[in-house]
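Here is how the chains run, residue by residue.
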Amino acid sequence: MRASSTLDAADEDAAAPARARVGRWRRGLAAMTERTREEAAADRILRRLGLTFGLAGVIAGVVEIPEMIEQSRVTSLGWSLVIALPAFGLFPVLAVVSIGMKRPTIQAVAGGAAVCYLGATALAPFVYRELPDHTTLWLYRVFALGVLAAALAWRPPLAIGYLIGGSALAAAANRSVVTHGDSLSLLGDFARSAGLCALFLWCAIYARAAAARVDRESAIASSRAATSAGARARDRERARFAALIHDAVLSTLLDASRAGTESPVLRKQAERTLDQLDEARGGRTEPDRLNAQSAIGFLRAAVQEVNPGVRFTARRWSGFDDLRMPVQAAGSLAAALTEAVRNSLRHATVPGRAVRRSVTVTISAGGIRVVFRDDGAGFDLGAVPADRLGISVSILGRMRQLAGGAGFVESSPGEGTTVTLVWGSDG
């Protein structure tokens, strides 16, 4: 029994490093997934298309090897490699850079792949002599690879120009090395190449356009929520002031017009009305500034616009809540807050349980502090690139650009996320 226990302990010790490696691999995969989620939709689809097209180029190159060897019989193997390497060489590079590099790098590699494929096609008639009947130039058959790379690298008009010009060049190269055919065959080759490539090009352009539209709609929704919250806060201020005018000022004036003599009750009512007017004037001395109550309502409306289920708590310190916050600053703060809420709704989901989310607003000494918390999935802050738009631009960048503002994000895998936004008046 003791020998068996010793063997079990030894097996457990031997398996520990393997479990540690698996754990690190899983954490790395989770961090990569979180980074992918935080990207803008346009960048995310660009990466996925780049990886897909890069792997397609590798697969096509492998599949075409027998045909390349067969057609190299009419020329030297060295010249065949001169054609094949530029045609397929950058596609594996495209697949690799699409995993972790930035947009400009991916597009630069894709553009290089498109140009190199076009160059290889232009060089083919000078390398290959006449091919046997009932065959086609292998470069002509997979010219769609060059078109797909162009769709990643350039805007649609330039990619469409590449499609038309490249299809004409591929058809001409194919006709120049094939012994049979005439001008009608050349036109047919162009139509087949352009038609097939147009289908792939349309899919790539549509996918990128749809992702860009998602980003635009997200930005518009964020701006619209902040604007709507600001409008509601201003409407509440106007309603409060209108109620003050009607209930206090007008009623005092009406009582004064009816009273023929001095009245102690009227005097006290007039004093209370003057005090209320002073309070309203001191609470908001400028039409484009929010006091503490209005700022809280502004932020509450912005959060509820995104999700009414987020718990909202406000704290004010009596005597130190003399806030006078510009509407523009409140809009920036609300936009950063709603982006944090949206990120949580998108990415913090934990299978099998509900994620709790809360917003706490604290106002004191002419400043405001907003804390958003969730107990969701969390993520590794050290693994998030500095250029990740969801955090660096929409939340932290927006707060850095706000005078008197700052933002902080705390998170770790499995421990939830805390976003802290602060703003203070500079006088």
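Residues numbered from 1 in each chain as written. Predicted model: local features only at pLDDT ≥ 70, side-chain atom pairs only at ≥ 80, totals over all residues. Heavy atoms only, no water.

1. Some thoughts on the nonpolar core
Counting 48 residues, the largest nonpolar core has F88, Y128, L137, W138 and L139 as the members making the most contacts within it. Where this core is concerned, the elements lending two or more residues are α2 (41–63), α4 (77–88), α5 (90–100), α6 (103–127), α7 (138–141), α8 (144–153), α9 (156–177) and α10 (183–258). Listed in part, the 37 residues of the second largest apolar core include M325, V359, V361 and W423. (Core = buried A, V, L, I, M, F, W, Y, C linked by side-chain atoms within 4.5 Å. Buried < 20%, exposed > 50% of the residue type's maximum accessible area, 1.4 Å probe, protein only. Helix = DSSP H or I, 4+ residues; strand = E, 2+ residues; numbered from the N terminus.)

2. Observations concerning the pattern of salt bridges
Counted according to the given criterion, the structure contains seven salt bridges. For the salt bridge of D189 with R175, the shortest nitrogen-to-oxygen distance reads 2.5 Å. With a gap of 14 residues between them, D189 in helix α10 and R175 in helix α9 connect regions that are remote in the sequence. A relative accessible area of 17% means that R175 is categorised as buried. The residue R356 makes a salt bridge to D375 at a minimum N-O spacing of 3.0 Å. Pair noted here: R356 is in the loop between α13 (327–347) and β4 (357–364) and D375 is in the loop between β5 (367–374) and α14 (389–401), with a separation of 19 residues, a long-range link. By relative accessible area, R356 is classed as exposed at 65%. Connected via shared salt-bridge partners are R175, D189 and R192. (Salt bridge = Lys/Arg side-chain N within 4 Å of Asp/Glu carboxyl O.)

3. Considering the confidence of the model for the protein
When the pLDDT values of the protein are averaged, the result is 77; 69% of them are 70 or greater. The low-confidence segment residues 1–10, where pLDDT is below 50, has zero contacts with residues more than four positions distant or belonging to other chains. Below pLDDT 50 for its whole length, residues 29–38 participates in 17 contacts with residues either more than four positions away or in separate chains. (pLDDT = per-residue confidence, 0-100. Contact = heavy atoms within 4.5 Å.)

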